[in-house]
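Descriptive structure summary
Residue strings, one per chain:
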Amino acid sequence: MSAHSRRKPADDFLTPQDREILERTFDIDDPAQLTGLLDRPPDTDEVPEIEYAYNITPPGGRAKGHAPTLKCVFPHTARHWRGSIVRWKNGDRARLGPDCGADHFGFNFKAVEERFVAAKSRKNDLVRFVALRSLLPKVVDELRPLSKAPCIVTYDELRQSFSAIFPELHQTLGTIAHGDGLLRTTRQERDRTAEENRVERSKEGRELLKACEDARSKGPGVVKACNRRLKQWMDDQSPIMKTVIQEAGALSGRSFFTDPRPMVHTVGTATVTMAKLAAEITSKRSDHWTATSPFSRTFKSIRDAIALIDAVGDRIEDGRRFSSQANLQRITQWASFEMNAPRPRVRNAVSTQGRTLINLEGGGRWSFAADITLPALHQLDELRRLMGN
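All of the points below concern the structure found in this document.

The next subject is the pairing of strand β5 (residues 82-87). Both strand β2 (residues 49-55) and β5 contribute to a ladder of 6 bridges, which runs antiparallel. Bridge pairing in β5 links Tyr54 to Gly83. The antiparallel hairpin formed by β5 and strand β6 (residues 93-96) contains 5 residues in its connecting segment, where Gly91 sits at a positive phi of about 100 degrees.

Ordered in space as β9-β10-β11, the 3 strands form an open sheet in which the pairing is antiparallel. Only two strands of the sheet have a single neighbouring strand rather than two, namely β9 (350-353) and β11 (365-367). The mean inter-strand angle of the sheet, taken between neighbouring strand axes irrespective of direction, is 25 degrees. Bridge count between strand β10 (residues 356-359) and β11: 3 bridges; the pairing is antiparallel. Within β11, the residue paired with Ile358 across the bridge is Arg365. On top of the sheet, helix α5 (residues 150-165) reaches β10 and β11; it is set at about 150 degrees to β11, its chief contact.

Let us now look at the pattern of salt bridges. Scanning all chains against the criterion turns up 24 salt bridges. Between Glu114 and Lys110 there is a salt bridge, with its nearest N and O atoms 3.6 Å apart. Of this pair, Glu114 and Lys110 both sit in helix α4 (residues 107-143), separated by 4 residues, roughly a single helical turn. Take Glu114: its relative accessible area is 47%, and that puts it in the partly exposed class. Under the relative-accessibility criterion, Lys110 is labelled partly exposed at 44%. A salt bridge links Arg345 to Glu338; the nearest nitrogen and oxygen atoms lie 3.0 Å apart. According to the relative accessible area criterion, Arg345 is partly exposed, its value standing at 37%. Each of Glu51, Arg87 and Arg93 takes part in one network of salt bridges that share partners.

Checked against the element boundaries, Glu207 lands in helix α8 (residues 203-215). For Glu207, a relative accessible area of 47% gives the class partly exposed. Spatially, the C-alpha atoms of Glu207 and Leu96 are 96 Å apart, while their sequence positions differ by 111 residues.

Let's shift gears to the packing of aromatic side chains. All told, the structure shown has 22 aromatic pairs when counted by the stated rule. Summarising the aromatic geometry, the rings of Phe105 and Phe109 are spaced 5.6 Å apart at their centres and angled 25 degrees between planes, so their arrangement reads as stacked. A relative accessible area of 3% means that Phe109 is categorised as buried. Among the aromatic residues, those joined into a cluster by ring pairs are Tyr155, Phe162, Phe166, Phe256, Phe257, Phe322, Trp366 and Phe368. The cationic tip of Arg128 hangs over the ring face of Phe299; the distance from NZ or CZ to the ring centre is 5.4 Å. Stacked on the ring of Phe13, the Lys or Arg Arg133 has its end atom at 3.9 Å from the ring centre.

Another aspect to go through is the sheet that holds strand β1 (residues 27-28). If you trace the 4 strands from one edge of the open sheet to the other, you get β1-β2-β5-β6, paired in mixed fashion. The open sheet terminates on both sides in strands that have one partner only, identified here as β1 and β6. Across the sheet, α4 lies against β1, β2, β5 and β6, angled at about 70 degrees from β2, the strand it touches most.

What counts and what doesn't
- Residues numbered from 1 in each chain as written.
- Predicted model: local features only at pLDDT ≥ 70, side-chain atom pairs only at ≥ 80, totals over all residues.
- Heavy atoms only, no water.
- Pairing = 2+ DSSP bridges.
- Helix = DSSP H or I, 4+ residues; strand = E, 2+ residues; numbered from the N terminus.
- Axes fitted to C-alpha atoms, helices over the stretch in contact; angles between N-to-C directions.
- Contact = heavy atoms within 4.5 Å.
- Salt bridge = Lys/Arg side-chain N within 4 Å of Asp/Glu carboxyl O.
- Buried < 20%, exposed > 50% of the residue type's maximum accessible area, 1.4 Å probe, protein only.
- Phe/Tyr/Trp six-rings, centres within 6.5 Å; stacked < 30°, edge-to-face > 60°.
- Lys NZ or Arg CZ within 6 Å of the ring centre and 35° of its normal.

Below you can see the structure in the form of structure tokens.
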């Protein structure tokens, strides 16, 4: 036997049943193109199988004044746009309205519909499966060098250096990022207005006020003494405090603090996962995926791996947002508020120079370049389109 005759067909990873499903047409645009459609149901108790589905609803449907035109094989006046072509074992075909199968064949037709839907869904999975066999290995090759890409290495280094240059600021901004994200400082200060109003609300205070009013007719010395007693009484009362809130705006780029995972590990996890999935897809026959081990489970794992890489891109974008000049200026303003609070969470002054944050006491400088970005990942983009991400 020659080597050519022993060569396996290109689609030997498909079972005969799956190859048949892959080649099958499930939807047709116009059932009128089929010849030999029955005008009345055949004289048989056989429940037919669904061969095709169709939907010729015109744009707008009834709302635009259109009326259904297709007749069902069963004798009733209802017309439809959407239905099925059913076929009996002898080859006879007929149109069937969307509800007529259940109405005329009963519970048995539900099983027919489920078989048709399952086969149609299986075809969609097989189309994706065939494409993945060639695409996934290319995606893995594209991802392998990503963990050493400058953007990944630089991002992790910048996260570590920010913590080293601004330890208190890093900790406090992390708390804010995990909270409502507002650069807000609160402090307590005496409410002088409320303390003055308290004089009129208390009996003793009202008596002192009246005494001061009466003293006007008794001479300057009496007025001075009354005012002194009033001031002394006010000073002896417990202070009334109020909360003063100072806000510098919202913190941008919060995931720079909320996601502690080293980016190189995230990329590595995504790459290893994608490599395992590529090995599974390329080494298994189509019958590896069954009702108990469906394609959907593998496809979800692929989407999850894509999401990991997408999250890397989002984190880099958040790093650029965090290091924008406007955000660093908000942080600088908020830090000045915080330093004047009774219990400051940040004690070191900072300033901004463009997209650079400066520790005025330690002298450290930190910046995140605006052009840090993921390299083009064309194979991953193609995979994303294939998986509908």
